[in-house]
Amino acid sequence: MTAGRATHGARHVAIIMDGNGRWAKKRHLPRAMGHQRGVEAVRNLVRAAREMGLEALTLYAFSTENWRRPEDEISALMGLLKRYIIADIDEFVANDVRLRIIGDHSALPADVVALLDDALARTAGNDGTTLVIALNYGAQDEIARAATKAAAKGPITPATIEAELDTAGLPPLDLLIRTSGEVRLSNFLLWQAAYAEMWFTDVLWPDFTPDHLRDALAAFGQRERRYGGR
Ligand code: IPE
Ligand code: IPE
Ligand code: MG
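Residues numbered from 1 in each chain as written. Chains lettered and ligands numbered in written order. Predicted model: local features only at pLDDT ≥ 70, side-chain atom pairs only at ≥ 80, totals over all residues. Heavy atoms only, no water.

A. Main features of the overall build of the protein. Along its length, the protein carries seven helices and six strands. Mapped from its N terminus to its C terminus, the protein presents α and β elements in the order β-α-α-β-α-β-α-β-α-α-β-β-α. Taking 17 Å as the expected radius of gyration for a compact globule of 230 residues, we find that the protein reaches 17 Å, a close match to that expectation. Across its three principal axes, the protein shows a C-alpha extent of roughly 50 × 40 × 35 Å. Out of the 230 residues in the protein, the part that is buried amounts to 47%. Long-range pairs, those at least 24 residues apart, make up 77% of the contacts in the protein between residues at least 6 apart in sequence. Carbon and sulfur atoms form 52% of the exposed surface of the protein, whose accessible area is close to 11,300 Å². Taking the average location of the 28 positive side-chain charges in the protein and that of its 30 negative ones, the two points are 4 Å from each other. (Helix = DSSP H or I, 4+ residues; strand = E, 2+ residues; numbered from the N terminus. Rg over C-alpha atoms; globule rule 2.2 N^0.38 Å. Buried < 20%, exposed > 50% of the residue type's maximum accessible area, 1.4 Å probe, protein only. Contact = heavy atoms within 4.5 Å. Areas by Shrake-Rupley, 256 points an atom, 1.4 Å probe, with all protein chains shown as cover. Lys, Arg positive; Asp, Glu negative; His and termini not counted. Charge placed at Lys NZ, Arg CZ, Asp CG, Glu CD.)

Listed below in structure tokens is the structure:
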């Protein structure tokens, strides 16, 4: 398969994976079940992204604001993250998936940090699809940290800030998807979204399949990107 054709030219897709709680509520299940099914959606999507030759897939997994949730939900999310990495790390290694994290993951529980750091190291040499997981990520925090680093080195310009963002070195963001019917960014990739195309769907995250990604990419392929020119 030709990389690029399947993705309609998109190199970098990011997703605000929203609606796990509503998915569970609709079924009278505990919220944690929604998150668990959300992980299955992630697993299928990462495989599809790799198969279609997408260069980078960025997934919003835990925001700087998600610490406001009840402790039991936070620990359920951390447990699911751990189990996902443990279960899929060998597949990443075997299939040339490179793991990358944006956000300050050092603030996560120590066992999660250790597991993630090991997974980052084990996939560092891979150059297939980059799976970027946003953890304890908030764009305002990212930009503030980047500006601080840029200022220490010299004059602040868009380019010097961009070079210090957590996403430095990734392809430019082409397509930003949000599930669950919400139409807002919730502090995700504010800088990188400057000229990204947006695609919103009412589908709740646990119901999101690779076919939805293909629909979004097909819509992306129809867009005319002008970047302010004419
Ligand atoms: C998204 O689902 C997962 C995270 C934010 C971690 P939600 O838990 O936000 O689900 P809703 O929005 O309450 O349905
Ligand atoms: C955004 O979803 C964060 C993640 C998907 C990780 P939220 O559910 O936290 O966003 P809001 O609160 O509806 O804006
Ligand atoms: Mg939500």
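B. Representation of the pairing of strand 6 (residues 197–200). Only one face of strand 6 is covered, namely the one carrying Glu-197 and Trp-199; the face carrying Met-198 and Phe-200 has none of its residues buried. In terms of strand pairing, strand 5 (residues 175–178) meets strand 6 through four bridges, oriented parallel. Considered in strand 6, the bridge of Ile-177 is made with Trp-199. (Pairing = 2+ DSSP bridges.)

C. Here's a closer look at the site of ligand 2. Surveying the vicinity of ligand 2 reveals the residues Ile-16, Met-17, Asp-18, Tyr-60, Ala-61, Phe-62, Asn-66, Arg-69, Arg-178, Arg-184 and Ser-186. Residue Ser-186 places a side-chain N or O atom 2.6 Å away from an oxygen atom belonging to ligand 2. Starting from 390 Å² of accessible surface for ligand 2 in isolation, the protein chains cover 77%. With three residues, the single largest contributor to the shell around ligand 2 is strand 2 (residues 56–63). (Near = heavy atom within 4 Å. Polar contact = N/O pair within 3.5 Å; in protein donor to acceptor, adjacent residues only side chain to side chain.)

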